[in-house]
Amino acid sequence: MLIPSHRHTPADLRLWAELEDADRAHAAAASMRDKVARSLDAVRSFLAVGPAYCSVSWGKDSVVALHLAIQVRADLPVRNIRVEGSRNPYCDAVRDAFLARYPCDYAEIPCSYAHVSRAVVGETYDRETNKIWNAAIASMQASAGTDRHISGVRAQESTVRRLRCARWGFSTDRTCAPLAWWHDKDVFAYLAKHDLPVHPNYAMLGGGRWTRERLRVAEIGDSHGRGGGRAEWEREYYGDVLNRIECASAG
């Protein structure tokens, strides 16, 4: 269920419809049934050891991980870090659509980079925002009552995550990654099959100039992950939000 947005162009929506048809076809594959079964087993094994929570960004991976996790334990704590000022404006819409169908023990942890000057760039800016982010993670763990968590981490996403999954598989003592060996096409297929809310970013495709696999729902103007055309994509689809953030910082 793609969350609607005025930012989608007619070409975007036509392409999305074609992609979603392919997603539904892939969802029927036996390989998908096997992946889902293994992922559910991983969650069961992890939760059998002790309490945990599920961390969500309301992007595609975390929505699927959460849907899997609450099938195992419906009362699982669900937590999200809310970065004020630069939060993607559609994360709340995905949240609301999901929680309307699947009520959870849900809470958001506030976080703000407002006092970090955007005139400071590179490693200095990253270092300051990372401190704030890590403090928010500590608050999230305190809120959930445990540092053990389930997330939508996948090996395909980055070299670091691929190494993590290669070494530990689905779970370590503190983390469970039920989607560890899923590919992008598996995630989109699961979303389509279960009619789960899909962040509108994934259909902001420039009529085919951008691929949905490369798109994220991170904060607008985030200093991390600016490569691969991310900055240009943001300027195209969220230029108004960027201008507001930049004006607020300058003021």
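These lines cover the structure that appears in this document, whether it is placed above or below. In this text the structure is predicted, and so the values were computed from the model without any measurement.

**Re the environment of valine 36**
Topologically, valine 36 is positioned in helix α2 (residues 30-49). A relative accessible area of 18% places valine 36 in the buried class. Considering only alpha carbons, one finds valine 36 and aspartate 92, 56 residues apart in sequence, at a separation of 27 Å.

**Some remarks on the pattern of salt bridges**
For the coordinates displayed, the defined rule picks out 24 salt bridges. A salt bridge links aspartate 61 to arginine 154; its shortest N-O distance comes to 3.0 Å. Placement of the pair is aspartate 61 in helix α3 (residues 60-72) and arginine 154 in the loop between β4 (149-150) and α6 (159-168), with a sequence separation of 93 residues. For the salt bridge of arginine 87 with glutamate 108, the shortest nitrogen-to-oxygen distance reads 3.6 Å. Taken together, the residues span a long stretch of sequence, with arginine 87 in the loop between β2 (77-84) and α4 (91-101) and glutamate 108 in strand β3 (residues 105-112) at a distance of 21 residues.

Rules and cut-offs
Residues numbered from 1 in each chain as written. Predicted model: local features only at pLDDT ≥ 70, side-chain atom pairs only at ≥ 80, totals over all residues. Heavy atoms only, no water. Helix = DSSP H or I, 4+ residues; strand = E, 2+ residues; numbered from the N terminus. Buried < 20%, exposed > 50% of the residue type's maximum accessible area, 1.4 Å probe, protein only. Salt bridge = Lys/Arg side-chain N within 4 Å of Asp/Glu carboxyl O.

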